[in-house]
Amino acid sequence: MDVLHQRCAALDIGKKDLKACVRTPSPSGRRSRRQEIRTFATTTNTLLELRDWLVAEQVTLVVMEATSDYWRGAFYLLEDCLNVILVNAAHAKGLPGRKTDVADAAWLCQLGECGLLKASFVPPEPIRHLRDLTRYRSTLAAELGREAQRLEKELEDAGIKLSTVATDILGVSGRAMLTALIDGERDALVLAQMAKARMRPKIPALVEALTGNFGEHHAFLCRLHLERIDQLKAAIAGLSARIEEEMHPFARQLELLETIPGVGRATAEIIVAETGADMDRFRTAGHLASWAGVCPGHHESAGKHKSGSRRHGNRWLGAALGTAAMAASRTRETTYLGARYHRLVPRLGKKKALVAIEHSILTAVWHMLTDGVSDQDLGGDYFTRLDPERTMRRLTRQANALGFTIRFNPIEAP
């Protein structure tokens, strides 16, 4: 194949060291290639030696695989003075029977010099900082949910059924009852009287739920759970404040994204952090959806199309879109997304219908950030207006099934 990059390098990166392969034109022959492979540690000083070597070799392209998080140190040190691309490991699979680190580096270099590899999206430094913040906040939010589940499990072990009456055991009323339990109060009636606002009518049920075998062992563990929950909430609040500061340059994009049904502030921040809010990197909305992994896969063989599951995309963005899709699915009567979800559920099922809503949301995101416009919702009656005759036939079938006949008369204009 034609060599597009005469001086190319490739890195096979591990935790402790990496293999660097450099291929350059050989002085002995016009079509032959000279190949040199060296091993470098992944410490900063050694990576600087690697950079000096690549610069001395006048390398025009450096290729590396996305291996866990180990690629970050080398990529960040080399990107300032060299043309570095990060590639998906699935796109650069080695030949069978040649699986060594040295062979991987050489194979990756050969693919790179012939232009057979596609660069992955690596965001600029400000977006990378935002990603670190939003991802850590999502991790802590998940840990907060798990800690709340551990607390509820401990209450169940003591026979306290507070979660069957209170929607949120960590609300104002639930927290007051738990604090009193830990401090030694065992009278269920006294505990139930701590209910506030909408919990007051539930006092008889609370008396039954708070009657159990709560002892010192349970109090000790519940105290630890509550302390851990408070620590997590404080950390999340600190992260949210820092994210708000870092999001000032993207205030307009956040404002636009929050007009999408189901997309709240936190979800909009994750969308900006994961996509970079720059849609120029994605040629079409379909490219963005494919990158995020919210579209069906392709599996065609001998002219037959087989079921293709969705590819693994950006899991952080996928989780945020899933939350937004579930929220939008509850707006059946008022929004297009809610109407579309309920239209797809009978045919696709709930999970696939949610993925379709995620795809619709991301398509809207691409157009909104590209054109700088807010969401123009089509309305919950969009499909009814799109095909009114179909709606009339459906209503007729439902009426006939109940033993009725109906007649449609147009409404006269006033």
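As a reminder, the structure under discussion sits directly above these lines.
Conventions we followed
Residues numbered from 1 in each chain as written. Predicted model: local features only at pLDDT ≥ 70, side-chain atom pairs only at ≥ 80, totals over all residues. Heavy atoms only, no water. Axes fitted to C-alpha atoms, helices over the stretch in contact; angles between N-to-C directions. Helix = DSSP H or I, 4+ residues; strand = E, 2+ residues; numbered from the N terminus. Parallel < 35°, antiparallel > 145°, perpendicular 65-115°, else oblique. Left-handed = near helix turned anticlockwise from the far one by under 90°. Contact = heavy atoms within 4.5 Å. Salt bridge = Lys/Arg side-chain N within 4 Å of Asp/Glu carboxyl O. Buried < 20%, exposed > 50% of the residue type's maximum accessible area, 1.4 Å probe, protein only. Patch = residues over 30% accessible without salt bridge, like charges linked within 9 Å, V, L, I, M, F, W, Y side chains within 5 Å. Areas by Shrake-Rupley, 256 points an atom, 1.4 Å probe, with all protein chains shown as cover.

A short note on the packing of helix H1 (residues 44-56) against helix H2 (residues 71-78)
Inference 1: Their axes nearest at 10 Å, the elements H1 and H2 cross at an angle of 50°. In terms of their interaxial angle, H1 and H2 are classed as oblique. Considering the relative orientation of H1 and H2, their crossing is right-handed. On H2, the residues that touch Thr-44, Leu-47, Leu-48, Arg-51 and Leu-54 of H1 are Gly-73, Ala-74, Leu-77 and Leu-78.

Structural notes on the pattern of salt bridges
When their charged atoms lie close together, side chains carrying opposite charge are able to pair.
Inference 1: In the structure shown here, the tally under the stated rule is 21 salt bridges.
Inference 2: Taking the shortest distance from any N to any O, the salt bridge between Glu-143 and Arg-146 comes out at 3.0 Å. Here Arg-146 and Glu-143 lie together in helix H4 (residues 125-157), a separation of three residues that amounts to about one turn.
Inference 3: Taking relative accessible area as the criterion, Arg-146 reaches 38% and is therefore assigned partly exposed.
Inference 4: Between Glu-258 and Arg-265 there is a salt bridge, and its shortest N-O distance comes to 3.3 Å.
Inference 5: Taking the relative accessible area as the measure of exposure, Glu-258 reaches 34% and is therefore partly exposed.
Inference 6: Residue Arg-265 is classed as partly exposed on the basis of its relative accessible area, which comes to 38%.

Section: a nonpolar patch on the surface
Inference 1: Nonpolar side chains collect at one region of the surface, where Met-392, Leu-395, Ile-406 and Phe-408 lie side by side and expose about 320 Å² of accessible area between them.
Inference 2: Assignment of secondary structure puts Met-392 in helix H16 (residues 388-401).
Inference 3: Residue Met-392 is classed as partly exposed on the basis of its relative accessible area, which comes to 35%.

Keep in mind these numbers describe shape, not what the thing actually does.
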